[in-house]
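Below, each chain spelled out in residue letters.
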Amino acid sequence: MSSRLRDPRLAACRRLFLRNYVVDANIGIHAFEKAGAQRLALNVDLYVPLALSTPRHDRIHEVVDYDFIRVTIRHRIEQGHINLQETLVDDIARSLLAHPAVRAVRVSSEKPDVYPDVDAVGVDDLIVPATLQVHSYDTALAGSPALWDDYADGERIDHVDG
């Protein structure tokens, strides 16, 4: 597991994810990439505190809606040509982090059709903002005094609310 994922600022967070969201995007620096849209597979992990993502009444407004992730990606893709995957990943991450419930984000982008002899080329970034302060972490609000390193890999975590 990545040491960045062991960051105590991500303790008691739920990971929401979007896997292999395939879009057609105008992206790339090569002439053949600028000729038209190409397939792009995007993956996103959002880290949201359990206190902000544990529904009490089974209603969508109590959690971060997956549509938020898809709409954010689609909005950036629709803005026009992007030269670099790094730029795209950074732009998407910045937009996702603007949501008040999102504490950290991992965004990856893969171009599966660029080279015939590889599965894909891509970029993967995990961003835990420096402004996210662990000293203000409230274990009472989180519903548990346990932090990330208190759990073993693969251990089942029984949340207070079910």
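For the structure itself, consult the block above.
1. Focus on helix α3 (residues 85–97)
Because an α-helix packs 3.6 residues into every turn, residues spaced three or four apart end up facing the same way. Given a rise of 1.5 Å per residue, 13 residues ought to cover 18 Å, and the 18 Å separating the end C-alpha atoms of α3 matches this to within 8%. Every buried residue of α3 is accounted for by Q85, L88, V89, D91, I92, A93 and L96. Contact partners of the buried residues in α3: β2 (38–49), α2 (66–77), β3 (104–111) and β4 (121–127).

2. Brief notes about the pairing of β3
The side chains of a regular strand alternate, first on one face of the sheet and then on the other. Counting buried residues in β3 gives seven out of eight residues, a clear majority hidden from the surface. As judged from the seven bridges shared by β2 and β3, these two strands associate in the antiparallel manner. Counterpart to Y47 in the pairing with β3 is A104. In terms of strand pairing, β3 meets β4 through seven bridges, oriented antiparallel. From the neighbouring strand, S108 faces β4, where its bridge partner is D124.

3. Quick word on the pattern of salt bridges
Using the criterion set out here, one finds nine salt bridges in the structure. Among the ionic pairs, R94 bridges to D91, the shortest N-O distance being 2.7 Å. With R94 and D91 both in helix α3, this residue pair falls three residues apart, about one helical turn. We classify D91 as buried; its relative accessible area is 18%. Linking D124 and R106 is a salt bridge whose minimum nitrogen-to-oxygen distance equals 3.1 Å. With D124 in strand β4 and R106 in strand β3, this residue pair connects regions lying 18 residues apart in the sequence. A relative accessible area of 45% places D124 in the partly exposed class. Here R106 falls in the buried class, since its relative accessible area comes to 18%. Shared partners join several salt bridges into a network, and the residues in it are R15, R19, D45, R106 and D124.

Calculation notes
- Residues numbered from 1 in each chain as written.
- Predicted model: local features only at pLDDT ≥ 70, side-chain atom pairs only at ≥ 80, totals over all residues.
- Heavy atoms only, no water.
- Helix = DSSP H or I, 4+ residues; strand = E, 2+ residues; numbered from the N terminus.
- Expected span 1.5 Å × (residues − 1).
- Buried < 20%, exposed > 50% of the residue type's maximum accessible area, 1.4 Å probe, protein only.
- Contact = heavy atoms within 4.5 Å.
- Pairing = 2+ DSSP bridges.
- Salt bridge = Lys/Arg side-chain N within 4 Å of Asp/Glu carboxyl O.

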